[in-house]
Amino acid sequence: LLAIAVGVVTGAAPAAASAYVPITGSGSTAAFNAIDAWRKAVTQFGMTVNYIADGSATGRSQFRNGTVDWTQSDIPYGVMDGPIFDPPPTRGFAYVPDVAQGTALMYNLKIGTQRVKNLRLSGAVIAGIFTGQITTWNDSAIAADNPGLTLPGIKIVPVVRADGSGTTAYFTQWLLATQPAAWQAYCQAVGRSPCTQTSAYPVLPGSGMVAQSGDLGVSGYVSQAQAVGAIGYTEYSYALESGFPVAKVLNAAGYYTTPTAGHVAVSLLDAQINQDASNPSTFLTEDLSQVYTDTDPRTYPLSSYSYMIVPTATEDGFTTAKGLALGDFGKYALCQGQNLVDSLGYSALPINLVQAGFAQLRRIPGANVQNIDVQTCNNPTFSTDGTNTLAANDPFPPFCDRQGTIQCPALPVITDTTLTATPTATIAGTPVTLTATVVASDTAGNDAVGQMRYFDLTSAGDIDLGTVTVSGGTATLTVNTLPVGTNSIEATFVPTDLTQFLATTSPSVTVTINVGGQETINVGLQTVSSGSLVLTVDGTPVTLSTPTNVGTELDATGSLSPVTVTDSRLPGEPGWNLSGSVGTFTSGTNTVSGNALGWTPAITTPDPANDVSVGGGVAPNNPGLGSAAELADASAGHGAGTTVLGAGLDLRVPFTTPTGNYGATLTVTLLSR
């Protein structure tokens, strides 16, 4: 394995920049982490998607004024915010559901020097905190929710949003629906009439509330070392990012739950979706009233989904060229992009919302999405028959999270994951069974609850092989697509609830895949010789030269570290073949295809008369080393002794590739003929 580090000094032109024009959106901060991940991912397809997270209210205003191509909003147009009406735009528009999420109650609380990680709050207590009626952490109402904790008598600091926010709208909508008396009394105290949900949280003077802009502002304030006692509502993704705990919220079934991907998916099965296509102002908008009252123990009551708002006409500077880019970006978000969201603190969309989103994308002028369907949609939530697999596999909360006189332990349980592969060496196309076992160091003997994700670490970069739900402490995945060569496989346990169990990754196991097939296997026709065929590589990382400008590209060169083939088998043996390929170059979240690297093979130190031939040169990007290419070959009866090989390396990337220190792994494979 040769690590190739490439120093690139400049920013990310798509591989086919001429195929797409740039598009710009703005809006929701709650959805930003998901959109930012998608935006970065689609650069590999030549898309440039700009996004400004300035809040749902600002985003809707900018879209209405025609200053952005699309917006992301947690609430639709036409909603009353107290006496203020947010009118729909005169331009044509449609809602595309794309992000499912849970509004979390992130907090900073300690008992002595120990951080509290298992706080439980009922709806009445949450309402009391955010309306100024409950002001200290040792209040008897909080104690009733937390029989296992003796909380300090310090002041509660509620942290709310200072800007127009969909997260605030969701939170106050839930307060109005489930705690109407408390919210209406608060409306009266702050002079808000009529008393509705609101996207701008009204701060009661003298209440000690702190207002911050954006989800990042709220999470940033709560996570300060000096902010012990603070609690704020924010998108779950930001709480995960900060490493701070979120409160378990009491649901209608009498269980305290957190906004895990599965719990949000279960909750949104009860969301009532407006199906009146004749009214674009409300079509596909959500009614969450039945989510709040759902009696499934897995429900997280503060679950919701948000929308892309996209144009349906070429006006206000929107063109069909922009429509092509926006349609393809939306298609990525609904399908492959949903694979990214669970780990970020969101929940992948169910099939009904994806299909509705397809229909809306088709209304974008210039969008090329006429033939997409669920059979070709790589979304982890559902199968092609419509089953919501994420919700179906979501585990029930433990009994200690039931409302009553006991409480789950404060610290997440440590886990240990191991992995085995059967067989560890086989031919291409043969199934390999990967069995992962996770053991929880839990004195109660509870099995770890979550999913196991499997990765191939050495073939074309890190490849996600699949995800399996853990049952009884084990998870098994069978794969038959491992590429030829040496594959380093590992399994990562991802807990359903990070407050219950800690994630853990197994030591890697090696699976060797050889070229095979009936026509090349002649069992019993060849005797085994003495001696051996050995491949040795110099593990020193290769650093390419400082890139120079070549037209519109940056070019960096270098030399492959020595690769040695030693064939001590008897003369007349079948010979050998040596090939190599390189995975994706990465620098943080930025990537460069392995095809950007080319080589010119050379024999450095041949054994006399060993008759080894070198492979042909491979030009960068034409086709490049993303696929295996021959480094050297010895025909039958040749190649005996020691042969040292090398190659001149040439990497070419677009001039505007983002600045970074890029690394990749080059795998060389030696096969006997």
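Quick caveat: nothing in here was measured; it's all calculated off a predicted structure. (Residues numbered from 1 in each chain as written. Predicted model: local features only at pLDDT ≥ 70, side-chain atom pairs only at ≥ 80, totals over all residues. Heavy atoms only, no water.)

Caption draft 1: How the structure looks around the overall build of the chain. Broken down by element type, the chain carries 14 helices and 40 strands. In terms of overall size, the chain behaves like a compact globule, its C-alpha atoms giving a radius of gyration of 29 Å where 673 residues would be expected to give roughly 26 Å. Projected onto its principal axes, the C-alpha positions of the chain cover 95 × 65 × 50 Å. With 673 residues in all, the chain has 51% of them scored as buried. In the chain, 23 side chains carry a positive charge and 46 a negative one; their mean positions are 9 Å apart. (Helix = DSSP H or I, 4+ residues; strand = E, 2+ residues; numbered from the N terminus. Rg over C-alpha atoms; globule rule 2.2 N^0.38 Å. Buried < 20%, exposed > 50% of the residue type's maximum accessible area, 1.4 Å probe, protein only. Lys, Arg positive; Asp, Glu negative; His and termini not counted. Charge placed at Lys NZ, Arg CZ, Asp CG, Glu CD.)

Caption draft 2: Here's a closer look at the sheet that holds strand S12 (residues 210–212). The mixed open sheet is built from eight strands, whose spatial order is S3-S2-S4-S18-S7-S13-S11-S12. The two strands at the open ends of the sheet, each matched to only one other strand, are strand S3 (49–52) and S12. This sheet shows a mean twist of 25 degrees between the axes of neighbouring strands, independent of strand direction. Where strand S7 (residues 93–107) meets strand S18 (residues 303–311), nine bridges bridge the pair, whose relative direction is antiparallel. Pairing of alanine 100 across the sheet is with tyrosine 305, part of S18. With respect to the sheet, helix H7 (residues 214–222) is in contact with S7, strand S11 (157–161), S12 and strand S13 (230–235), its orientation differing from that of S13 by roughly 150 degrees. Docked against the sheet, helix H13 (residues 351–361) engages S7 and S18, running at close to 140 degrees with respect to S7. (Pairing = 2+ DSSP bridges. Axes fitted to C-alpha atoms, helices over the stretch in contact; angles between N-to-C directions. Contact = heavy atoms within 4.5 Å.)

Caption draft 3: Spatial organisation of the packing of aromatic side chains. Under the criterion given, the structure shown has 16 aromatic pairs. Pairing phenylalanine 171 with tyrosine 233 gives two aromatic rings, centres 4.6 Å apart and planes at 20 degrees, and the pair type is stacked. Placement of phenylalanine 171 in helix H5 (residues 166–178) and of tyrosine 233 in strand S13 is noted, with a sequence separation of 62 residues between them. Here the two residues phenylalanine 171 and tyrosine 233 agree in accessibility, since each one is buried. Every member of this aromatic cluster is reached through a ring pair, and the members are Phe130, Phe171, Trp174, Trp183, Tyr186, Tyr201 and Tyr233. Sitting over the ring of phenylalanine 63, arginine 91 keeps its end group 4.1 Å from the ring centre. (Phe/Tyr/Trp six-rings, centres within 6.5 Å; stacked < 30°, edge-to-face > 60°. Lys NZ or Arg CZ within 6 Å of the ring centre and 35° of its normal.)

Caption draft 4: Seen up close, the confidence of the model for the chain. Residues with a pLDDT of 70 or more make up 91% of the chain, whose mean pLDDT is 86. Low pLDDT, under 50, characterises residues 1–18; the stretch is placed with 71 contacts to residues that sit more than four places away or in other chains. For residues 517–529, every residue scores under 50 in pLDDT, and the model assigns this stretch seven contacts once sequence neighbours within four places are set aside. (pLDDT = per-residue confidence, 0-100.)

Caption draft 5: Layout of the packing of helix H1 (residues 32–41) against helix H11 (residues 320–334). Packing of H1 against H11 brings their axes to within 10 Å, and their N-to-C directions diverge by 120 degrees. What the angle tells us is that H1 and H11 run oblique. The chirality of how H1 crosses H11 is right-handed. Judged by residue contacts, Ile35, Trp38, Arg39 and Ala41 of H1 engage Phe329, Tyr332 and Ala333 from H11. Taken together, the residues of the contact of H1 with H11 break down into six nonpolar, no polar and one charged. (Parallel < 35°, antiparallel > 145°, perpendicular 65-115°, else oblique. Left-handed = near helix turned anticlockwise from the far one by under 90°. Nonpolar A, V, L, I, M, F, W, Y, C, P; charged D, E, K, R; others polar.)

Caption draft 6: Representation of the pattern of salt bridges in the model. In the structure shown here, the tally under the stated rule is 16 salt bridges. Residue arginine 192 pairs with aspartate 81 through a salt bridge whose shortest N-O separation is 3.4 Å. In this pair, arginine 192 is assigned in the loop between helix H6 (180–190) and S12 and aspartate 81 in strand S5 (residues 80–81), connecting sequence segments 111 residues apart. Both residues of the pair, arginine 192 and aspartate 81, belong to the buried class. Lysine 248 is the partner of aspartate 401 in a salt bridge, and the nearest nitrogen-oxygen pair spans 3.0 Å. Of this pair, aspartate 401 sits in the loop between helix H14 (389–392) and strand S19 (415–422) while lysine 248 sits in strand S14 (residues 248–250), and the two are 153 residues apart along the sequence. Grouping residues by exposure puts aspartate 401 and lysine 248 together as buried. (Salt bridge = Lys/Arg side-chain N within 4 Å of Asp/Glu carboxyl O.)

Caption draft 7: A look at the packing of H5 against H6. Their axes nearest at 5 Å, the elements H5 and H6 cross at an angle of 115 degrees. Judged by residue contacts, Thr172, Leu175, Leu176, Ala177 and Thr178 of H5 engage Pro180, Trp183 and Gln184 from H6. A class-by-class count of the residues in the contact of H5 with H6 yields five nonpolar, three polar and no charged.

Caption draft 8: Highlighting the side chain of aspartate 81. According to the relative accessible area criterion, aspartate 81 is buried, its value standing at 15%. The contacts of aspartate 81, once residues within four sequence positions are left out, are Arg192, Thr196, Gln197, Thr198, Ser199 and Ala200.

Caption draft 9: Structural view of helix H9 (residues 261–268). Counting buried positions over the eight residues of H9 gives eight, a clear majority of the element. Looking at the buried side of H9, the elements it contacts are S7, strand S15 (256–257), helix H10 (289–292), S18 and H14.

Caption draft 10: Structural context of the state of the cysteines. With the rule as written, the count across this model stands at three disulfides. Each disulfide pairs two cysteine sulfurs, and for cysteine 187 the partner residue is cysteine 195, the sulfurs being separated by 2.1 Å. Because the torsion about its S-S bond is 70 degrees, the bridge between cysteine 187 and cysteine 195 counts as right-handed. Accessibility expressed as a relative area gives 25% for cysteine 195, which makes it partly exposed. Covalently, cysteine 335 is tied to cysteine 377 through a disulfide, its sulfur atoms 2.1 Å apart. (Disulfide = S-S within 2.5 Å.)

Caption draft 11: Geometry of the pairing of S3. The alternating pattern of S3 places Val49 and Tyr51 on a buried face, while none of Asn50 and Ile52, on the opposite face, is buried. Looking at chain direction, strand S2 (residues 23–27) and S3 are connected through four bridges and run parallel. Along S3, the bridge assignment pairs threonine 24 with asparagine 50. Handedness of the crossover is the feature at issue here: the chain leaves S2, passes through H1, returns alongside S3, and the resulting connection is right-handed. (Right-handed = clockwise from strand over helix to strand, strands pointing away.)

Caption draft 12: Broad picture of the environment of threonine 389. Take threonine 389: it is sitting in helix H14. Accessibility expressed as a relative area gives 22% for threonine 389, which makes it partly exposed. Along the primary structure threonine 389 and isoleucine 351 are separated by 38 residues, whereas in three dimensions their C-alpha atoms are 9.8 Å apart. Residues within four places of threonine 389 in sequence aside, it is in contact with Pro380, Thr381, Phe382 and Ser383.

Caption draft 13: Geometry of the pairing of strand S31 (residues 553–559). Across three bridges, the pairing between strand S30 (residues 548–550) and S31 is antiparallel. What sits directly across from threonine 548, in S31, is aspartate 555. As judged from the seven bridges shared by S31 and strand S39 (residues 641–654), these two strands associate in the antiparallel manner. For leucine 554, the partnering residue across the bridge sits in S39 and is valine 653.

Caption draft 14: Examining the sheet that holds strand S24 (residues 474–479) more closely. Overall, antiparallel pairing links the three strands, which are arranged S19-S21-S24 in an open sheet. Where the open sheet ends on each side, the last strands, each with one partner, are S19 and S24. Pairs of neighbouring strands in the sheet enclose a mean axial angle of 15 degrees, with direction left out of account. Sheet topology places S19 next to strand S21 (residues 432–440); eight bridges connect them, and they run antiparallel. Following the sheet pairing, threonine 422 is matched in S21 by threonine 433.

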